[in-house]
Amino acid sequence: MKVPHLLLGIETSCDDTSVCVLEDGVTLRSHLIAAQDVHKLYGGVVPELASRAHLELLPAMVPQALSEAGIEARQLDAIAVTHAPGLVGSLVVGVAFAKAYGSALGIPVLGVNHIEAHLHSSALEHGEAPYPSVALIVSGGHTELVRVRGFGDYEWLGATLDDAAGEAYDKVAKRLGLGFPGGPIIDKLAATGRADAFAFPRPMLDRPGFDFSFSGLKTAVSVAAQTHGEPPYGLSLLADLAASFQAAVVETLVTKCRRALQHTGAQALSLGGGVACNRSLRARLAEVCEPMGVTLRIPSPRLCADNAGMIAWVGAQRFARGEVSPPSLDAIASLEASGLPLN
Ligand code: KG4
Ligand code: ZN
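All of the points below concern the structure found in this document. (Residues numbered from 1 in each chain as written. Chains lettered and ligands numbered in written order. Predicted model: local features only at pLDDT ≥ 70, side-chain atom pairs only at ≥ 80, totals over all residues. Heavy atoms only, no water.)

Scanning the protein from terminus to terminus reveals 11 helices and 10 strands. Against the 2.2 N^0.38 benchmark of 20 Å for 343 residues, the protein shows a C-alpha radius of gyration of 20 Å, consistent with a compact globule. Taking the principal axes of its C-alpha atoms as reference, the protein extends roughly 60 × 45 × 35 Å. Burial statistics for the protein: of 343 residues in total, 56% are counted as buried. Restricting the contact set of the protein to residue pairs at least 6 apart, pairs at least 24 apart contribute 75%. (Helix = DSSP H or I, 4+ residues; strand = E, 2+ residues; numbered from the N terminus. Rg over C-alpha atoms; globule rule 2.2 N^0.38 Å. Buried < 20%, exposed > 50% of the residue type's maximum accessible area, 1.4 Å probe, protein only. Contact = heavy atoms within 4.5 Å.)

This is the structure we're talking about:
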């Protein structure tokens, strides 16, 4: 079977509402991403507010995405929607919308796994990865290191045992009195600080394997900050804390990636997730991959963070394999229960 000619992609798993029209599985005719600013007020994503915002935004964004693509709804051939994993209330909005819209138009709907989509999020710009490859997904909810043997053939090498990498960035930023999301703020601050100002731990580096842990590092930053009292802190202290924290996170991620590449012999490393926007992580990974002859595949920032484009790409591949979801398609919160093989 062929990939659908015009595919509507919908992503509502967390706090970004995103809609796209993908042509022939390769060209994004339109791609809208609305970040929900309401969560900034609370220093983190409030699930109840996220679902309500998806409910408001989605019915307006779908016609806009069609109009920007220069097509009408009746020209659509299929719909791909994130159905797992994520905030269940947010997922339900996208899945219910996709099923109703698909039913009204008489076109098939496919539920896509959000993590599988991050695994392949570099494909839209770089083409499908050569296999076997390794993928690192680093976001607010996930830190996953995966051997990708082929499309749909994944082996989980490692994951975080506690906080995700992005979650650690967000929590450290909150503790230091900075805004939300913390990643971009710390990334910027770190550029002006001294990475060796504080000797923060490099979690799990002394152990074999590919798992991560960021909770102790987050506590170490908090304890170091505590000796200087409560926020607001001076700019140079903040920059030093940010740079030292970031150095620990990046060294941990980079070391495990190098280990995974050596272990698998993969010739490509694909990044995905919001933390993949981090400038230091990108630069350090490039330094590791180059001498190993490994191709580093980093999506542009829009495709690193949550977006409908990556959902549509995976959806197109699955439709081409004859897959369609039954009308009972439902939202599933956890990765473990999402049906992706976790070998
Ligand atoms: O993939 P994403 O948009 O949403 C989730 O699925 O979580 O990732 C958001 C996460 C947040 O934790 C944010 O702080 C982090 O990505 N992030 C960054 C950077 N930009 C976003 N972390 C480090 N450095 C950045 N430049
Ligand atoms: Zn994500």
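Here we take up the environment of Val 19. For Val 19, the position within the fold is in strand β2 (residues 16-23). With 292 residues separating them in the primary sequence, Val 19 and Ile 311 have C-alpha atoms 9.5 Å apart. Once you skip the residues sitting within four places of it in the chain, Val 19 turns out to touch Leu 8, Gly 9, Ser 30, His 31, Leu 32, Leu 58, Met 61, Val 62, Ala 65 and Ala 308.

It is worth spelling out the coordination of the zinc ion (ligand 2) at this point. In this structure, His 114 (NE2), His 118 (NE2) and Asp 306 (OD) serve as the protein donors to the zinc ion (ligand 2), at separations of 2.1 Å. With 4 donor atoms in place around the zinc ion (ligand 2) and angles of 86 to 141 degrees between them, the coordination shape is irregular. Counting the intervening residues between successive donors of the zinc ion (ligand 2) yields the motif H-x3-H-x187-D. Note that His 118 is positioned in helix α3 (residues 114-119) and Asp 306 in the loop between α10 (301-304) and α11 (308-320), a separation of 188 residues in sequence. (Donors = N, O, S within 2.8 Å, 3.2 Å for Na, K, Ca; no water. Tetrahedral: all angles 85-135°; square planar, octahedral: opposite > 155°, others 65-115°.)

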